[in-house]
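# Secondary and tertiary structure notes
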Amino acid sequence: MEWIAILKCPVTASSLRLMDHHEVELANKRASARQVWQADGTPLLNHIESGLISENGSHIYPILQGIVLLMKELAIVKSKDNTLLETVNAEKLKVKNFYNDQGWLSDKAGTYEDAKIYEDLREVSRDYLTKCHNRVNRYLKPTGKYMLDAASGAIQFDDYLQYSANYTYRVCVDFSFRALLEAKRKMGTKGVYILCDMTCMPFKDGVMDSFVSLNTIYHIPREEQVTAIEELYRLLAPGGKGVVVYDWFKHSAWMNFWMFPFRATVFIKNRVLDIVGKIFDRNGANRRLYFYAHPPAYFRQHLPAFELKVWRTLSVHFMRYYIHSWLFGKQLLNWVYEKEEKNPGLCGLKGEYPMLVFNKPGQD
């Protein structure tokens, strides 16, 4: 477990180490006597089998089924004075619950609910999507020790495995425990599995050779999206490279033109759901998965310098509506892909899904 050396306590920012047998035994004895708490203020009721502990011993982070629980609120503390005052953001909780309860459930064929809802899984689109997935690899370092996947989810497409093929470790972070279990099933000992919040990454500076963040940032609360990307950049080693796949949604000029009737209908539908939810279900109003898209200028203003490239011009709904085998769908997608290859910057700006490509300057 050499990778423990790159971790830090998300509360104190101090280094972490593996607990020894006596420390685990003492923590469990105190838990039985109701003398320790989780940092969210709830008593620790379950015994731990192993965990990491901060340098001064103030915070313990359990390891459960090979997954390190490095969320602030899940830390084990000895005093109620060390409990957190803030509560978990409701929008983050909504995303977390969706992926724990639904998104990473799979059918007999191994297809996840997330893919059924948010992806185009038809044969006519497969080659185009694969080529788009492959683009990410061009902008990562070809080899290294640590490649960060934030948030990894279940690593639902085999195409994604190539990004860390020549790395010693793929560091999978997510705040869905179910997602990390699925990722562990696929990556095994090549993976490091960390349950954490992307806006407060429990890693030391400059420890990652590359990172990817695929279709995740726009599910983070709007005011914290820049923080999450800044955290990713902080973790890059000098000379490191990283890719964020984003969704411009209403800021995509081309998709706005082609999808105007659909997007207008969805807008009205969502407003109605908001009103109905607030009237009849005050505790569960607006159950949709949280999403917010900033425009390109916002990131240009607030982030370190990055290149804008195309991941995919076409939205899922565009493909479902307009791309069909009987309408020469494969030929159309091949044509779109060729146009993207010739002008990746323009397509990244005007299309649906851009890549924000980061290159951290190397040491002199």
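We now turn to the structure provided with this report.

How each quantity is defined
Residues numbered from 1 in each chain as written. Predicted model: local features only at pLDDT ≥ 70, side-chain atom pairs only at ≥ 80, totals over all residues. Heavy atoms only, no water. Phe/Tyr/Trp six-rings, centres within 6.5 Å; stacked < 30°, edge-to-face > 60°. Buried < 20%, exposed > 50% of the residue type's maximum accessible area, 1.4 Å probe, protein only. Lys NZ or Arg CZ within 6 Å of the ring centre and 35° of its normal. Helix = DSSP H or I, 4+ residues; strand = E, 2+ residues; numbered from the N terminus. Contact = heavy atoms within 4.5 Å. Pairing = 2+ DSSP bridges.

A word on the packing of aromatic side chains. If you walk through the whole model with that rule in mind, you get 22 aromatic pairs. Ring centres 4.7 Å apart and planes at 85 degrees place the aromatic pair F98 and Y99 in the edge-to-face group. Given the relative accessible area of 11%, Y99 is considered buried. Residues F157 and Y160 carry aromatic rings whose centres are separated by 5.5 Å and whose planes lie at 90 degrees to one another, so their mutual orientation is edge-to-face. For the residue pair F157 and Y160, the accessibility class agrees, reading buried in each case. Chaining the aromatic ring pairs together yields one cluster made of Y218, Y246, W248, F249, F291, Y298 and F299. Lying over the aromatic face of Y337, K131 brings its terminal NZ or CZ to 4.4 Å of the ring centre. Here R300 stacks its cationic end above the ring of F306, 4.3 Å away from the centre of that ring.

Taken residue by residue, helix α5 (residues 177–187) has F177, A179, L180, E182, A183 and M187 as its buried positions. Where α5 is buried, its residues meet β4 (60–64), β5 (67–69), α2 (90–103), β8 (167–174) and β9 (191–195). One or two steps after α5, the chain reaches G188, where phi turns positive at roughly 60 degrees.

Take the pairing of β4 next. Of all five residues in β4, four are buried; the element is thus mostly enclosed. Where strand β3 (residues 51–54) and β4 come together, three bridges link them in antiparallel fashion. Following the sheet pairing, G51 is matched in β4 by P62. Where β3 folds back onto β4 in an antiparallel hairpin, the turn is made up of five residues, including G57, whose phi is positive at roughly 75 degrees.

Purely geometric numbers; function is a separate question.
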